[in-house]
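An overview of the molecular structure
So you can see what is in the structure, the chains are spelled out below.
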Amino acid sequence: MASPDSAARTPSLPWTVRVQLTALGAAHRADGSVRRLLFSLGDLHAAARSRPDATGVRSADVTIDAARGLWARVYSPSSSSAADAAPLPVVVHFHGGGFVLFSAASRPYDALCRRLCSELGAVVVSVNYRLAPQHRFPAAYDDGVAALRYLDANADALPSDAFPAPVDLSSCFLAGDSAGGNIVHHVAQRWSAEAASMSSVRIAGAVLIQPFFGGEERTAAELALDKASPPLSMAVTDHYWREFLPEGATRNHAAARVCGEEVELPEAFPPAMVVVGGFDLLKDWQARYVETLREKGKPVQVVEYPDAIHGFHAFPELDDSGKLMEEMKQFVHKHRSKRAV
């Protein structure tokens, strides 16, 4: 896994990245709780755009379940809209934010999903799952499964402004960062156990970018990298878990501690790609997750960036962000349905 000596160094970051991280850090108090008003002022949203952008990507919002306020933003390469175009793989994306922050419309995630759509050549469905503490465990997981059921039920009736290109639901990939990576695991676990044999949606692969896992004990990385880069710290992650997990639950709850023999992985659990950063205080939990997948005989690819901070992928100016796009492109190409290639 990532170099053990990262704690002895400090991440080298452009000033533009440091400014953004400092601003996000200012939205958290010393105890890890969120200054909601301050955060909301900085969490600028982007609207869906039906007209193609400079890279040929257009987007539209679709309602998955009006009763629970569940919707998704869909990104599609407009150049693939011809009726005879080959079906495109689908990437179902879950944003990060500790289960409590951001949305599918937040500008950094809107920009990220546009990159994924353009560079992976895929239709991207960014799920605006419900947030804690108003909606605790298992709301985010329920919403992820609901998004897959929506795709399954509406494959032949998807709105043309959202899906101008044909999609290949047998090449459906789950992707997410931080809390979104945690959601990827649990949705993949549930779908492969409950619906894989009864649905046209086949999860061909799972991409977990610095997934948010944890436990009661402190790992070496958590202790060494607690203040390595704002805004993530042990106080912040502890607060997020308190907001998301059931009242009274500890971080050893199955939603957080995804490692060890007690983790159940169905036969149909998909191949995984786990992305690890050297300056991420969560990296030891990610290493335990990788070990669990391997011990249970599941295919897993580990992609390591020794100098990466938590959330590096959201900054296009960082070289590792571009490298990750290429790694994801290769992963999708390798695991997508052979029928569509």
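Scroll up to find the structure.
Structural notes, computed from the coordinates. Owing to the predicted nature of the structure, the values given are computational and were not obtained by experimental measurement.

**Quick look at helix H3 (residues 107-120)**
Its 14 residues place the ends of H3 20 Å apart at the C-alpha level, agreeing with the 20 Å of an ideal helix rising 1.5 Å per residue. Among the residues of H3, Tyr109, Asp110, Leu112, Cys113, Arg114, Arg115, Leu116, Cys117 and Leu120 are the ones counted as buried. Structurally, H3 contributes buried residues whose contacts are with strand S1 (57-65), strand S2 (70-77), strand S3 (88-94), strand S4 (123-128), strand S5 (167-177) and helix H9 (319-335). Positive phi appears at Gly121, one or two residues downstream of H3, with a value of about 65°.

**Regarding the side chain of Asp177**
Along the polypeptide, Asp177 turns up in strand S5. For Asp177, which is buried and forms no salt bridge, the nearest opposite charge comes from Arg115, at a distance of 11 Å. Within the structure, Asp177 has its side chain in polar contact with the backbone nitrogen of Gly96 (distance 3.2 Å).

**Remarks on the environment of Gly69**
Tracing the sequence through the fold places Gly69 in the loop between S1 and S2. On the accessibility criterion, Gly69 (42% relative accessible area) is partly exposed. Placed 10 residues apart in sequence, Gly69 and Ser59 show a C-alpha to C-alpha distance of 19 Å.

**Some words on the sheet that holds S4**
One open sheet accounts for eight strands, arranged S1-S2-S4-S3-S5-S6-S7-S8; its pairing is mixed. Each edge of the open sheet is held by one strand with a lone partner, namely S1 and strand S8 (300-305). For this sheet, the mean angle separating the axes of adjacent strands, direction not counted, is 20°. Two strands pair when backbone bridges link them, and strand S6 (residues 203-209) and strand S7 (residues 272-277) are joined in this way by four bridges, in the parallel orientation.

**A look at the pairing of S8**
As judged from the six bridges shared by S7 and S8, these two strands associate in the parallel manner. Among the inter-strand pairings, Val274 is bridged to a residue of S8, identified as Val302. Once you follow S7 into helix H8 (residues 283-295) and on to S8, the crossover reads as right-handed.

**Brief notes about unusual backbone geometry**
Look at the link from Ala132 to Pro133: it is a cis peptide, with omega at 5°. If you trace the backbone, Pro133 turns up in the loop between S4 and helix H4 (139-153). With a phi angle near 55°, Ser178 is a residue other than glycine that sits in the positive phi range. You will see that Gln210, though not glycine, has its phi angle at about 45°, which is positive. Relative to the helices and strands, Gln210 is located in the loop between S6 and helix H6 (220-224).

**Some details on a nonpolar patch on the surface**
The grouping of Leu37, Leu38 and Leu41 at the surface amounts to a nonpolar patch, some 330 Å² of accessible area in total. In this structure, Leu37 sits in helix H2 (residues 36-42).

**Some points on the packing of aromatic side chains**
With the rule as written, the count across this model stands at 13 aromatic pairs. Above the ring of Trp285, the side-chain terminus of Arg288 is found at 4.5 Å from the ring centroid.

**Things to note about the pairing of S5**
Within S5, 10 of the 11 residues are buried, which leaves it mostly tucked inside the rest of the structure. The pairing of S3 with S5 spans six bridges and is parallel. Following the sheet pairing, His93 is matched in S5 by Ala175. Of the pairings in the sheet, the one linking S5 to S6 comprises six bridges and is parallel in character. In the sheet register, Gly176 faces S6, and the bridge partner there is Leu208.

**Looking at the side chain of Ser178**
With respect to the helices and strands, Ser178 occurs in the loop between S5 and helix H5 (179-194). Assessed through its relative accessible area of 9%, Ser178 is described here as buried. The contacts of Ser178, once residues within four sequence positions are left out, are Gly96, Ile209, Gln210, Pro211, Phe212 and His310.

**Side note on empty space enclosed by the protein**
Rolled over the atoms, a probe sized like a water molecule indicates the empty space that remains. Counted under the stated rule, the structure contains one cavity of 30 Å³ or more. Empty space within the largest cavity amounts to approximately 30 Å³. What lines the largest cavity is Leu225, Asp226, Ala228, Ser229, Leu232, Phe279, Leu281 and His310. By residue class, the composition of the lining of the largest cavity is five nonpolar, two polar and one charged.

Each value, and the rule that gives it
- Residues numbered from 1 in each chain as written.
- Predicted model: local features only at pLDDT ≥ 70, side-chain atom pairs only at ≥ 80, totals over all residues.
- Heavy atoms only, no water.
- Helix = DSSP H or I, 4+ residues; strand = E, 2+ residues; numbered from the N terminus.
- Expected span 1.5 Å × (residues − 1).
- Buried < 20%, exposed > 50% of the residue type's maximum accessible area, 1.4 Å probe, protein only.
- Contact = heavy atoms within 4.5 Å.
- Lys, Arg positive; Asp, Glu negative; His and termini not counted.
- Salt bridge = Lys/Arg side-chain N within 4 Å of Asp/Glu carboxyl O.
- Polar contact = N/O pair within 3.5 Å; in protein donor to acceptor, adjacent residues only side chain to side chain.
- Pairing = 2+ DSSP bridges.
- Axes fitted to C-alpha atoms, helices over the stretch in contact; angles between N-to-C directions.
- Right-handed = clockwise from strand over helix to strand, strands pointing away.
- Patch = residues over 30% accessible without salt bridge, like charges linked within 9 Å, V, L, I, M, F, W, Y side chains within 5 Å.
- Areas by Shrake-Rupley, 256 points an atom, 1.4 Å probe, with all protein chains shown as cover.
- Phe/Tyr/Trp six-rings, centres within 6.5 Å; stacked < 30°, edge-to-face > 60°.
- Lys NZ or Arg CZ within 6 Å of the ring centre and 35° of its normal.
- 1 Å grid on protein atoms, 1.4 Å probe; cavity = no way out; pocket = protein on both sides within 12 Å on 5 of 7 lines; lining within 4 Å.
- Points joined across faces, edges and corners; volume = space filled by probe spheres on them.
- Nonpolar A, V, L, I, M, F, W, Y, C, P; charged D, E, K, R; others polar.

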